[in-house]
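# Structural characterization, general
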Amino acid sequence: MAEVVSPVPGAGRREPGEVGRARGPPVADPGAALSPQGEIIEGCRLPVLRRNQDNEDEWPLAEILSVKDISGRKLFYVHYIDFNKRLDEWVTHERLDLKKIQFPKKEAKTPTKNGLPGSRPGSPEREVPASAQASGKTLPIPVQITLRFNLPKEREAIPGGEPDQPLSSSSCLQPNHRSTKRKVEVVSPATPVPSETAPASVFPQNGSARRAVAAQPGRKRKSNCLGTDEDSQDSSDGIPSAPRMTGSLVSDRSHDDIVTRMKNIECIELGRHRLKPWYFSPYPQELTTLPVLYLCEFCLKYGRSLKCLQRHLTKCDLRHPPGNEIYRKGTISFFEIDGRKNKSYSQNLCLLAKCFLDHKTLYYDTDPFLFYVMTEYDCKGFHIVGYFSKEKESTEDYNVACILTLPPYQRRGYGKLLIEFSYELSKVEGKTGTPEKPLSDLGLLSYRSYWSQTILEILMGLKSESGERPQITINEISEITSIKKEDVISTLQYLNLINYYKGQYILTLSEDIVDGHERAMLKRLLRIDSKCLHFTPKDWSKRGKW
């Protein structure tokens, strides 16, 4: 999915202290460590010189995926261990530290499903961490909980403190200081909470809430009972093993090989932009050797040369994506495209999107999907900015299968606009929705940002009536925003807002969170206007064929 905000150079770096990063420029000795055949082979691991986002030299550990010889000069395709695959690149011999080379181990025999011995090459992406086997456990979540804002006149007493002090670190340390923090109470459900998930009190500190600490020693506490944290959403361990009855664009990473792990397209020219792909895309093999792949920006057909593209443009009558225009405001338009009626365009769109989406795979059968393409209009036509796809019938309440903003338009607010539009469609359909997992790293950042801003906008907009505390439930937030209930709760947990105090769940909105939200909303200039949406949902279950 792409993921939605643009990466910065060096994105995906590991945190300091992790293994595999060697600082300082080691001197490469050509004869220091080579294979018994006297050459560097595929599968070797060694430090490779690269520039990080601070424009500093570093030597992260990398794996050699391929070797090629061009005019007598060898080039090595390397994947930096624990870095995103979009940073993979071809490097020369001078950037390799041969003193620390690690040769691949022999293939170990592993049993297959039938009990027969098999083999599997050792690869960092094929090894399943031990923690993933236990990731299937999810804890029960409160279904009906009530949120309340505590107004200054109705503050509850804190043990050991003054009666009118709010729940804050200042009230505990300085009883005479009045805090301006806003507090939201969540009334606990009638069902008891299991001992393993017993919550604990959390007091805001230095303007922001810190993480909860278990009230009783020796009692384990899950950081996220929904299993939708960054590790679970941004990994492929959550892919169901059983085949689904409906369409899915999730990539089964167990079938990865060296070919699909390498970028195969050097450059793409789309309209006035030249794009450098991040990942593998299954374009025809004869096109992978071209220095530039030329695409028509209106029908997305590909050609092998500029002359082929110019000849195609004389015949192509499209000046906008095929399908129905269902939204227009200013220069922004959305087109709804049926994957069955416009199969050629849908397949070409998937081929282009796969260049920037790693966690999704390509299905040439696009019939079960609808594609919503966002465009920007000028005198020459409607230029594609991004898109998202969704299943016509989803049994898991997915309202997005793939979502992508093209690199030239990233970091300009178009990603959140795509997400907001997907939920606007869900509102018209009268459903709650969630994106198909796993999300890419960039997609996860965008969705978390959107969820946070949308939920905080509702909580901060609550007003008291007749002097009573305003109340709102999780289900009401979900109905207002069309965000699935599990995503609402996981967002509140991600923001460290849900705490437990005096037998109740309490949400504390610190000044830092409020100020940060207000600054973010000032920068968010692009919004969806529901009045400009002309969309009638269809009941695809009543149709014999899509």
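Structure first, text after, so check above.
This report concerns the structure included in the present document.

So, how was this worked out
- Residues numbered from 1 in each chain as written.
- Predicted model: local features only at pLDDT ≥ 70, side-chain atom pairs only at ≥ 80, totals over all residues.
- Heavy atoms only, no water.
- Buried < 20%, exposed > 50% of the residue type's maximum accessible area, 1.4 Å probe, protein only.
- Helix = DSSP H or I, 4+ residues; strand = E, 2+ residues; numbered from the N terminus.
- Pairing = 2+ DSSP bridges.
- Phe/Tyr/Trp six-rings, centres within 6.5 Å; stacked < 30°, edge-to-face > 60°.
- Lys NZ or Arg CZ within 6 Å of the ring centre and 35° of its normal.
- Core = buried A, V, L, I, M, F, W, Y, C linked by side-chain atoms within 4.5 Å.
- Domains from an automatic or database assignment.
- Axes fitted to C-alpha atoms, helices over the stretch in contact; angles between N-to-C directions.
- Parallel < 35°, antiparallel > 145°, perpendicular 65-115°, else oblique.
- Left-handed = near helix turned anticlockwise from the far one by under 90°.
- Contact = heavy atoms within 4.5 Å.
- Nonpolar A, V, L, I, M, F, W, Y, C, P; charged D, E, K, R; others polar.
- Salt bridge = Lys/Arg side-chain N within 4 Å of Asp/Glu carboxyl O.
- 1 Å grid on protein atoms, 1.4 Å probe; cavity = no way out; pocket = protein on both sides within 12 Å on 5 of 7 lines; lining within 4 Å.
- Points joined across faces, edges and corners; volume = space filled by probe spheres on them.
- Expected span 1.5 Å × (residues − 1).
- Arc of directions from axis to C-beta.

Before going further, it helps to examine the pairing of strand 20 (residues 381-391). In terms of burial, strand 20 is largely enclosed, as eleven of its eleven residues are buried. Here ten bridges tie strand 19 (residues 369-378) to strand 20, and the two strands are oriented antiparallel to one another. Its bridge partner being in strand 20, F369 is matched across the sheet by E391. Taken together, strand 19 and the strand that follows it, strand 20, pair antiparallel across an intervening segment of two residues. Bridging between strand 20 and strand 22 (residues 402-405) involves four bridges; their strand directions are antiparallel. Bridge pairing in strand 22 links G386 to T405.

What follows concerns the pairing of strand 26 (residues 504-509). When you tally the buried positions in strand 26, you get five out of six residues, the bulk of the element. Where strand 25 (residues 498-501) and strand 26 come together, four bridges link them in antiparallel fashion. When the bridges of strand 26 are listed, Y501 appears paired with Q504. Two successive antiparallel strands, strand 25 and strand 26, enclose a turn made up of two residues, where K502 displays a positive phi of approximately 55 degrees.

Any aromatic ring pair is given by two values, namely how distant the centres are and how the planes are angled relative to each other. One pass over the structure, following the stated rule, counts 17 aromatic pairs. Note on Y283 and Y302: the rings are 5.3 Å apart at their centroids and 90 degrees apart in plane angle, and the pair reads as edge-to-face. With a gap of 19 residues between them, Y283 in the loop between strand 14 (273-275) and strand 15 (293-295) and Y302 in strand 16 (residues 302-303) connect regions that are remote in the sequence. Between Y372 and F388, the ring centres sit 5.1 Å apart and the planes meet at 20 degrees, which makes this aromatic pair stacked. One end of the pair, Y372, is in strand 19; the other, F388, is in strand 20, and 16 residues separate them in sequence. For the pair Y372 and F388, one class covers both residues: buried. Clustering of aromatic rings is evident, with ring pairs tying together Y327, F334, Y372, F388 and F421. Against the face of W540 rests K392, its NZ or CZ located 4.7 Å from the ring centre. Above the ring of Y494, the side-chain terminus of R448 is found at 4.2 Å from the ring centroid.

F334, L352, Y387, F421 and L492 are the most contacted members of the largest nonpolar core, which has 79 residues in total. Per-element accounting of this core gives the leading share, nine residues, to helix 7 (residues 441-460). Among the domains, domain 2 (262-317) and domain 3 (318-530) are the pair contributing at least three residues each to this core. C44, L87, L96 and I101 belong to the second largest nonpolar core, which has 15 residues in total.

Below, the discussion takes up the packing of helix 6 (residues 414-429) against helix 7. The geometry of a pair of packed helices is captured by two quantities: the angle between their axes and the separation between those axes. Helix 7 packs onto helix 6 with a crossing angle of 60 degrees between their chain directions and a minimal axis gap of 10 Å. Between helix 6 and helix 7, the angle is such that the two are oblique. Crossing of helix 6 over helix 7 shows right-handed handedness. Every residue of helix 7 that contacts helix 6 at K416, I419, E420, S422 and Y423 is listed here: S446, Y447, S449, Y450, W451 and Q453. Across the contact of helix 6 with helix 7, the residue classes break down as five nonpolar, four polar and two charged.

In this section: the pattern of salt bridges. Where side chains of opposite charge bring their charged atoms close, a pairing between them can arise. In total, this model carries 19 salt bridges according to the counting rule given. Among the ionic pairs, D57 bridges to R51, the shortest N-O distance being 2.4 Å. A residue is classified by how much of its surface remains accessible, and D57, at 40% relative accessible area, is partly exposed. Note that D397 and K484 form a salt bridge whose closest N and O atoms lie 3.9 Å from each other. With D397 in the loop between strand 20 and strand 21 (398-400) and K484 in the loop between helix 8 (474-481) and helix 9 (485-494), this pair connects stretches of sequence that are 87 residues apart. Overall, the relative accessible area of 37% leaves D397 in the partly exposed class. Within the structure, one salt-bridge network assembled from shared partners comprises E420, E457, R524 and R527.

Another aspect to go through is empty space enclosed by the protein. Of the pockets and cavities examined, the largest cavity occupies roughly 80 Å³. If you go around the largest cavity, the residues you meet are L270, G271, R272, H273, L275, E297, H383, I384, L406, P408 and Y409. Elements with a minimum of two residues in the lining of the largest cavity: strand 14 and strand 20. The residue makeup of the lining of the largest cavity, split by class, is six nonpolar, three polar and two charged. Per-domain counts for the lining of the largest cavity show at least three residues from each of domain 2 (262-317) and domain 3 (318-530).

The terminal C-alpha atoms of helix 10 (residues 511-523) lie 19 Å apart, and with 13 residues this matches the ideal 18 Å at 1.5 Å per residue to within 8%. Among the residues of helix 10, I513, V514, H517 and M521 are the ones counted as buried. Summarising the axial view, the buried residues of helix 10 lie within an arc of 95 degrees, below the 170-degree limit, and thus occupy one face. Exposed residues pointing more than 90 degrees away from the buried face of helix 10 are listed as R519, L522 and K523. Check the buried side of helix 10 and you find it contacts helix 7 and strand 26.

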